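Tertiary structure, described
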Amino acid sequence: DARVTQTPRHKVTEMGQEVTMRCQPILGHNTVFWYRQTMMQGLELLAYFRNRAPLDDSGMPKDRFSAEMPDATLATLKIQPSEPRDSAVYFCASGRWDSPLHFGNGTRLTVT
Amino acid sequence: AQKVTQAQTEISVVEKEDVTLDCVYETRDTTYYLFWYKQPPSGELVFLIRRNSFDEQNEISGRYSWNFQKSTSSFNFTITASQVVDSAVYFCALSENKAAGNKLTFGGGTRVLVKP
């Protein structure tokens, strides 16, 4: 059963530190999404890629967040510098035009 | 702009009761997809169903059923004879344009608590 793999599952860091979250999409999927989940805002789209090209990153705070796909098997989301308000669960999802999005288990980030 | 509204924030039922989750959506697209996802206490998001805007047939899968009514822009979800394992947060979502694998706009979620 193919799965989207996210690492790490949990991350606790201090304010000001760099955080890198990684995602391995399902083989054959050509779209990759990053969502953030918080109690206040629910599930928000941060960025997404199609065929490794960034299509929309309007949901991301540009000054501190960056998303990349170095190759088809890896997507990264970086926060530098991190702030306490970035504490959330970050989900990666992948899909194809003819399939629903499949989500990873998420990275729970705590910034103290 | 697309919008998904799940008016019920939390529903509590006793095991074996039926529970219906409401979902109302807004979109200007004539072709779109609707989804339901389940988020159990463990936190992952599990895909339950996808429905395209041209298919208004209701669907049943085991104890789950979905009622899509384009006239009222609703896509409601019913769990029949609920079980404790159904306790989770359920999200309704809408994808723009024509692609099922396109970006999703989520509703705020409905937390379902099934008590023994």
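Up top is the structure these notes are about.
Quick look at the structure, then. These numbers were taken from a predicted model, which means no experiment stands behind them.

Focus on the interface of chain B and chain A
- Across the boundary between the two partners, chain B contributes 18 residues, which contact 19 residues of chain A.
- Interface area for chain B against chain A, summed over the two sides, is near 1500 Å², with a carbon-plus-sulfur share of 56%.
- For the interface between chain B and chain A, the tally reads four residue pairs in polar contact (both at pLDDT 80 or more).
- Only β5 (33-39), β6 (46-52) and β11 (104-106) of chain B provide two or more residues apiece to the side of chain B that touches chain A.
- Counting residues per element, the side of chain B that touches chain A draws most heavily on β5 of chain B, which supplies three residues.
- Taken together, the residues of the side of chain B that touches chain A sort by class into nine nonpolar, five polar and four charged.

Here we look at the sheet that holds strand β3 (residues 19-24) of chain A
Residues and elements named next belong to chain A.
- One open sheet holds the four strands; their spatial order is β1-β3-β8-β7, and the pairing between them is antiparallel. If you trace the sheet from one side to the other, it starts and ends with β1 (5-7) and β7 (65-71), each paired once. Between one strand and the next, the sheet's axes are offset by a mean angle of 20 degrees, whatever the strand orientation.

Basis of the calculations
- Sequence positions are assigned chain by chain, starting from 1 and proceeding in written order.
- The order in which chains are written sets their letters, starting at A; the order in which ligands are written sets their numbers, starting at 1.
- With the structure being a predicted model, the display of local features is reserved for residues of pLDDT at least 70 and the display and counting of side-chain atom pairs for 80 or more, all residues being used for whole-chain, interface and lining totals.
- Values shown for side chains rest on all heavy atoms present in the structure; no hydrogens or waters enter the calculation.
- In what follows, residue pairs with any heavy atoms lying within 4.5 Å of each other are defined as contacts.
- Buried area: the accessible surface (1.4 Å probe) lost by two parts on joining, summed over both.
- Residues adjacent in sequence count toward polar contacts only when both atoms are side-chain atoms; beyond that, a polar contact is any pair of N or O atoms within 3.5 Å, and within protein one must be able to donate a hydrogen and the other to accept it.
- The way it works is that DSSP assigns letters per residue, a run of H or I at least four long becomes a helix, a run of E at least two long becomes a strand, and they are numbered from the N terminus.
- Polar here means any residue other than Ala, Val, Leu, Ile, Met, Phe, Trp, Tyr, Cys and Pro, which are nonpolar, and Asp, Glu, Lys and Arg, which are charged; Gly is therefore polar.
- Two strands make a pair as long as DSSP finds a minimum of two bridges between them.
- A fitted line through C-alpha atoms represents every axis, and for helices the fit uses only the stretch in contact; the resulting angles, taken between N-to-C directions, go from 0 to 180 degrees.

The values are spatial; any link to function lies outside them.
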